[in-house]
Every structure is written in C-alpha cells, then in structure tokens.
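In case you want the letters, here they are:
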Amino acid sequence: MGYNINLLQELLDKIELTQTQRKRAEILYTNICKALKETGLDIDFYPQGSFATKTVVRPFLKGKDKAYDVDVICEVKSLDKDNIRPDHLMSLFQEALDQKGYAYIQYDKCFTVEYANQEGVDFSIDIIPSVPESPIMISRLLSLTAEPQYVPSSIAIPDLSGATATWITNNPAGYRTWFENQVRGFEKRMRESRNNKNAGSIEDLPEDKATNLLCNIIKLMKRHRDVFYSRKSSDLKPSSIVISTLVASLAPRIYPTENEGELLSQIIEQLSYLKNYQKQVESYGSSISGYVISDIIVRRGNQWEFKNPTNGLDNILSSWNENPERANHFFDWITKLTTISQELTTGTMTHSHRAEVLSDSLQLELPSSSPSEFQVDNHSVSSWRASL
C-alpha cells in the first residue's frame, strides 16, 4: 500500500473533513457553547473523540454515508460534583438550550443539534454536559491509571439511562493529550530511523507525514470497519476508541515504517494474535507470547481487559465481556482486513486491481476528475449517546 499512497489519500479525502468543513464545524459548536455561556452557564468547551484526535471519517451505515458527528464537552468549572445531581445538571443545559431557541434531541448523556448542508455536508453536534471530577475520585484514579499524569483533567458526565441518574467518569482532554504524545513519539522514532538510514543525505520527511501515517491507518480501519459491519448487517462493531487506542498503544512498540501497507500489516498481525486468547482462560505477557499486544490487552478468568490509559476505571473492551459475540465479530473483521492487506501488498497484483480492491473494501468510488457525490442519510445519526 506504500506505493499506493496517492490512491489511498484520494480515497480518504472522500470521507475526511476538509479544512473548510472542519472550520465550519468548529464555528457551529462554538456558537452553541457561547450561547450557553450567555445564559449564565460558566463552561469550558472542547471537542472529544475523533474530532479531537483528527481521525474523523464520515459515518457509514446500511450502505449510506451519514452526517458527521462532532462531540463537544461542556464542562461547568464552577459546579462541584458533590453538590449537584446529574439530572439537575442536564436540566440546566436543557433550560439554557430552550432559552436560546435551539432545536435539539435529548438523550441520556447529551443534547444533539443537527445542521443540514453546512459547507456541503451535514453535521450532528452532541453537547455533553459535565463537571470536574471530585477530589476523592481523582485520588482513586491516580492509583488505578496506567498514565496517572493525565488524570487531573478527569470529568464527570451525567447518565440518565438507568432508573436513577448517575455520574460517568471520563477524561477526554487527558486522552487527547496522550494520543497526541503517542503520535509525536512515533513520528520522532520514524525520523530517527530514516536519518540513520540516510545519514547526511535525502530531504527530511514532509511536514505531518509521520503524523498522517498513524491517523490514516486509523481512518482506513474505521472506514473498513463501517463497511464490513454494514454488509454483515451487524450492530456489534467496535467503537472508534477501541481502534484509536489500539493503534496509539502499539505505536511505540512497532517498527516505524513509512510504508502504510507495512504499518497496517504490523498492526493486523498483533490484533490477529488476540484470537488465541479465546482458547485460554488467562493470557500471557509478551515475554512468553512474543507479541506486544499481550501486554496491552489481557484476559483474566475469561474476561477481556483493555484499560483506557488515561482512565483506569474504563475497560474499553467491557462490551466484549457483556456480549462475547462482539469479540467473534471483531476477529471476523480482522480476518477480512488481513485478506485485504495481503491483496494490496502482493507484488503480483496490478495497480488497477489494487485500486479496485481498496475502493470496494471502503465502498468508495475510484478517484476521477469530477468531485465525489455522497448520498447522505440524515436519519439514524450515531450520537455520542451510543459510544459508551
């Protein structure tokens, strides 16, 4: 796939946000949050998830491209978690949105505002109320989290899904910083490796080349996941945070190649090894298995465990324990991704055949001289409400 970098980028361009579209999304959520502040809510606001990590791809479901999702944390710094109920916090935001005349859909953890045809695309903005996490919880997190230096930015988010409203501990700001550091670390290793190979010669890597490598792999995997699960008519697909955290966690421990195909192959090889866990009650570390993934994801007593590096209370694979079919579907997807990777990197395949394989696996038309047209379904928007 390294020799198909232009093709891959042209295909990804069809499902990525342009700079203009990204700026438009920022304006949309900034206007909402400024309006909320005008009602008296003392909020800090910032994006979370794929928009924050710059790994956004257009959502795809049931054979159609969907509106872009943008998750925005609205943190009320002036409120103490111990002195306000989660349902009361949600009510404050509901009243503020009503006061400013916004049309929205309320869910258990957020308020969704939809915008049609903004810079040629549709956006779904999820406003997520929150307050700073309590000192007691922060202290607990510090002892449970693999990267405790990121814990202080933790927040509490209301969850009204149960009979009694509760708080969910989250750390999107800390996660974003961790992710960016992982990417920068990979970029540094790549540059060092390249300089060692070409000491005193050849130009430096283009700006953002290494950063784009990791992010492109994540985008490719996310799009392929969406298409694969849509074709299976399955709603058991892994969340985006599973993919992003897996790739970012592996980044320091895989060879920093500039070749997208080689990089993807390394990641797939590690993920494929996880299938062996299903035959074991307990997993083994890399010193025994020979695979670094076994130090990142563990299995104890038939329970999967993949801790969020910035939130020790968050087991990213908890849904696999609740429904083992999720793990089975994940490995079916990885098997398909392996086949695609092998087809794309074989030396006997023509460029045109590679292009067809890649475009079909991502369900995108091959690049042409004319702009790509999307068939967008504004219904069934995947809100942040469904990402936990």
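Above this note sits the structure.
Residues numbered from 1 in each chain as written. Predicted model: local features only at pLDDT ≥ 70, side-chain atom pairs only at ≥ 80, totals over all residues. Heavy atoms only, no water.

1. What to know about the pairing of strand β6 (residues 111-118)
As a general feature of sheets, a regular strand has side chains that alternate between the two faces. As defined by bridge partners, strand β5 (residues 105-106) adjoins β6 across 2 bridges and the pair is classed as antiparallel. Bridge pairing in β6 links I105 to T112. Count of turn residues in the β5/β6 antiparallel hairpin: 4 residues. With 6 bridges joining them, β6 and strand β7 (residues 121-132) adopt antiparallel strand pairing. The residue bridging Y115 from the neighbouring strand is F123, located in β7. (Pairing = 2+ DSSP bridges. Helix = DSSP H or I, 4+ residues; strand = E, 2+ residues; numbered from the N terminus.)

2. Quick look at the packing of aromatic side chains
All told, the structure shown has 16 aromatic pairs when counted by the stated rule. Ring centres of W304 and W320 lie 5.0 Å apart, and the angle between their planes is 85°; on these two criteria the pair is classed as edge-to-face. Within this pair, whereas W304 is found in strand β11 (residues 303-305), its partner W320 is found in helix α11 (residues 318-322), the two being separated by 16 residues in sequence. Here the two residues W304 and W320 agree in accessibility, since each one is buried. With a centroid separation of 6.1 Å and an interplanar angle of 50°, the aromatic rings of W304 and F331 are classed as tilted. Of this pair, W304 sits in strand β11 while F331 sits in helix α12 (residues 325-345), and the two are 27 residues apart along the sequence. We note that W304, like F331, is buried. Above the face of the F51 ring, R22 is positioned so that its terminal group lies 4.1 Å from the ring centre. (Phe/Tyr/Trp six-rings, centres within 6.5 Å; stacked < 30°, edge-to-face > 60°. Buried < 20%, exposed > 50% of the residue type's maximum accessible area, 1.4 Å probe, protein only. Lys NZ or Arg CZ within 6 Å of the ring centre and 35° of its normal.)

So far we have only geometry, and geometry alone does not tell us how the molecule works.
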